Amino acid sequence: MAKANQSGLGRSEAASGLMLISPTAIYAVLLLAAPLATVVVFSLLTGGRGQITWDFSLQNYIDVWTGPVYRAIMLRSLVVAFGVTLVTVVIAYPIAYFVSFHVEPSKKSIWLFLITIPFWTSYLIRVFLWKVILGYNGVVNSGLLSIGVIDEPLQWINYNVGALIVTLAHAYAPFAILPIFVSLEKIDRSLLEAGQDLGESRLRTFWRVTLPLSMAGVIAAVLIVFIPTIGDYVTPDLIGGGKLPMIANMMEVQMLKVNNKPLGSAIAVSAMFIVALIAIGFVLLNRRFIGGQK
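The structure presented is a predicted model; accordingly, all values stated were derived computationally and were not measured.

In this section: the overall build of the protein. A count of helical and extended segments in the protein gives 13 helices and two strands. Taking the intrachain contacts of the protein between residues at least 6 apart in sequence as the baseline, contacts between residues at least 24 apart amount to 68%. Working note: accessible area of the protein is about 17,300 Å², and carbon and sulfur atoms make up 70% of it.

Okay, the nonpolar core next. Judged by nonpolar contacts, the single largest core of 57 residues is most densely connected at M74, L78, V80, I180, V218 and I230. Sorting the residues of this core by element identifies α2 (59-66), α3 (68-102), α5 (123-134), α7 (161-185), α10 (215-230), α12 (247-257) and α13 (261-293) as the ones contributing at least two each. Of all the elements, α3 adds the most residues to this core, at twelve residues.

A few words on the environment of M272. Inspection of the secondary structure assignment puts M272 in helix α13. Residue M272 is classed as partly exposed on the basis of its relative accessible area of 39%. Sequence separation between M272 and G231 is 41 residues; the distance between their C-alpha atoms is 9.3 Å.

Counted under the stated rule, the structure contains nine aromatic pairs. Where Y97 meets F206, the ring centres are 5.7 Å apart and the plane angle is 90°; that geometry is what we call edge-to-face. One end of the pair, Y97, is in helix α3; the other, F206, is in helix α9 (residues 202-213), with 109 residues separating them in the sequence. Both rings, one in Y172 and one in F175, keep their centres 5.8 Å apart while their planes meet at 45°; by these two values the pair is tilted. One end of the pair, Y172, and the other, F175, are both in helix α7, three residues apart, so they sit about a helical turn from each other. Y172 sits in the buried class, given a relative accessible area of 11%. Note on F175: relative accessible area 35%, which makes it partly exposed.

We now examine α2. Within α2 the residues assigned to the buried category are N60, Y61 and V64. Taken around the axis of α2, the buried residues stretch over an arc of 95°, which confines them to a single face.

One non-glycine residue, N259, adopts positive backbone phi at about 65°. On the secondary structure map, N259 appears in the loop between α12 and α13.

Another aspect to go through is the pattern of salt bridges. Inspection of every chain in the model, using the stated rule, returns one salt bridge. A salt bridge links K108 to E185; the nearest nitrogen and oxygen atoms lie 2.8 Å apart. Of this pair, K108 sits in helix α4 (residues 108-115) while E185 is found in helix α7, placing the two residues 77 residues apart along the sequence. When its relative accessible area of 32% is taken as the criterion, E185 is described as partly exposed.

What counts as what
- Residues numbered from 1 in each chain as written.
- Predicted model: local features only at pLDDT ≥ 70, side-chain atom pairs only at ≥ 80, totals over all residues.
- Heavy atoms only, no water.
- Helix = DSSP H or I, 4+ residues; strand = E, 2+ residues; numbered from the N terminus.
- Contact = heavy atoms within 4.5 Å.
- Areas by Shrake-Rupley, 256 points an atom, 1.4 Å probe, with all protein chains shown as cover.
- Core = buried A, V, L, I, M, F, W, Y, C linked by side-chain atoms within 4.5 Å.
- Buried < 20%, exposed > 50% of the residue type's maximum accessible area, 1.4 Å probe, protein only.
- Phe/Tyr/Trp six-rings, centres within 6.5 Å; stacked < 30°, edge-to-face > 60°.
- Arc of directions from axis to C-beta.
- Salt bridge = Lys/Arg side-chain N within 4 Å of Asp/Glu carboxyl O.

Below, the structure is given as structure tokens:
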């Protein structure tokens, strides 16, 4: 009798748990899994110029992975994403370190508040501002002309990969600062004091204690910056002037302009596959650091 009551109670608790998670599960299936499955199905179809044939084939993937144009654009997207991630983390870590270790606890919230100020304006406006700064008649060229450093405006500071990296690094810097700051805040200060008491310099203490213990936040910042950067659409179109398309711009061309949705879907799935592999690598790296800490 007691076992029957326990089994009934267990089923009741399981049913209650399913009732709690079912709205979220349905929401995730409808808004995430279903669109993703639709894109995968479309990528296996054939067609072009607005016509779709329900003949399943891998030809779209063959075209994407063997076509020199698609490979070049995907490589450029990866270079930009890695460059943005590197620049962002290199800039974000010292800022997060300063706020965590050198700012009074009562003033840390103010500093974090100031870091989030760029989010007060639209992402599009921030990109346009960098277009003004780096443009042919922008702030940089006008300043250099006024002090006589150059005789004519520089054309190479805009419409290049470097301009894309600078713009995207500025846009995503707050996303990298916050997780690094959280990981630094969790570090037990007594460990740093112990290292210095044992004769370690501040630099060696940072290299052997602070940096390894904060790597979880660094890798989280890398993922937060890298994944959206590789799929950025607005910045290459505005800063690059359409001359430096990335993979998202190629998807837009195939989906809307060429109206070849199967090929555009194959590009999207291929990009997601590459990003997933890289993200898994970062996650495994994160687990390695966490395991080493333990």
